[in-house]
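Structural description and commentary
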Amino acid sequence: MAKSSSDYFGLSYIVSLILAIIPVTSWVCGFVTRFMEGKIVAGLIRLIFGFTIVWILDLVFMILQKKICRLLNI
């Protein structure tokens, strides 16, 4: 049985969901994940606005789609 992975560093969905619920870890994991993907502008936006609307969007997207919100792909 293949292990399903989620957005935060390939961790399981439950662990990623717990990390997304905690604001500080969601902020850190969100911008580190975007920088690791090579999306510098998206990482900077998460770094600046990560504690506000982006955090709420991440929670909704993580629950519904099992992935963090991706506003920009640049």
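Structure: see above.
Residues numbered from 1 in each chain as written. Predicted model: local features only at pLDDT ≥ 70, side-chain atom pairs only at ≥ 80, totals over all residues. Heavy atoms only, no water.

1. Quick notes on the overall build of the protein chain
Under the convention used in this document: For helices the rule is a DSSP run of H or I covering at least 4 residues; for strands it is a run of E covering at least 2, with both sets numbered from the N terminus onward. Only C-alpha atoms enter the radius of gyration, while the globule expectation follows 2.2 Å times N to the 0.38, with N the number of residues. Throughout this description, buried means an accessible area under 20% of the type-specific maximum (1.4 Å probe, protein chains only), exposed means over 50%, and partly exposed covers the range between. By the convention used here, residues are in contact when the closest approach between their heavy atoms is within 4.5 Å. Where accessible areas are quoted, they stem from the Shrake-Rupley method and a 1.4 Å probe; at the residue level, only the protein chains shown are allowed to cover.
On a plain count of helices and strands, the protein chain comes out with 4 helices and 0 strands. Counting helices and strands in the order they occur from the N terminus, the protein chain gives α-α-α-α. Against the 2.2 N^0.38 benchmark of 11 Å for 74 residues, the protein chain shows a C-alpha radius of gyration of 11 Å, consistent with a compact globule. In terms of overall dimensions, the protein chain has C-alpha extents of about 35 × 25 × 20 Å along its principal axes. Going through the 74 residues of the protein chain one by one, you find that 32% of them count as buried. Sequence separation of 24 or more characterises 50% of the internal contacts of the protein chain that already satisfy a separation of 6 or more. Carbon and sulfur atoms make up 76% of the accessible area of the protein chain, which totals about 4,700 Å².

2. Notes on the packing of aromatic side chains
Quick note on the threshold: Each pair of aromatic rings taken from Phe, Tyr and Trp, with Trp reduced to its six-membered ring, is defined by centres within 6.5 Å and is described as stacked if the planes are under 30 degrees apart, edge-to-face if over 60, and tilted in the remaining cases. Two limits define a charge over a ring: the Lys NZ or Arg CZ must be within 6 Å of the ring centre, and within 35 degrees of the ring normal.
With the rule as written, the count across this model stands at 3 aromatic pairs. Relative to Phe-31, the ring of Trp-27 lies with its centre 5.3 Å away and its plane at 65°, an arrangement referred to as edge-to-face. Pair noted here: Trp-27 and Phe-31 are both in helix H2 (residues 23-36), with a separation of 4 residues, about one helical turn. Given a relative accessible area of 23%, Trp-27 falls into the partly exposed group. Given the relative accessible area of 15%, Phe-31 is considered buried. A cation sits over an aromatic face here: Lys-66 above Tyr-13, 4.9 Å from the ring centre.

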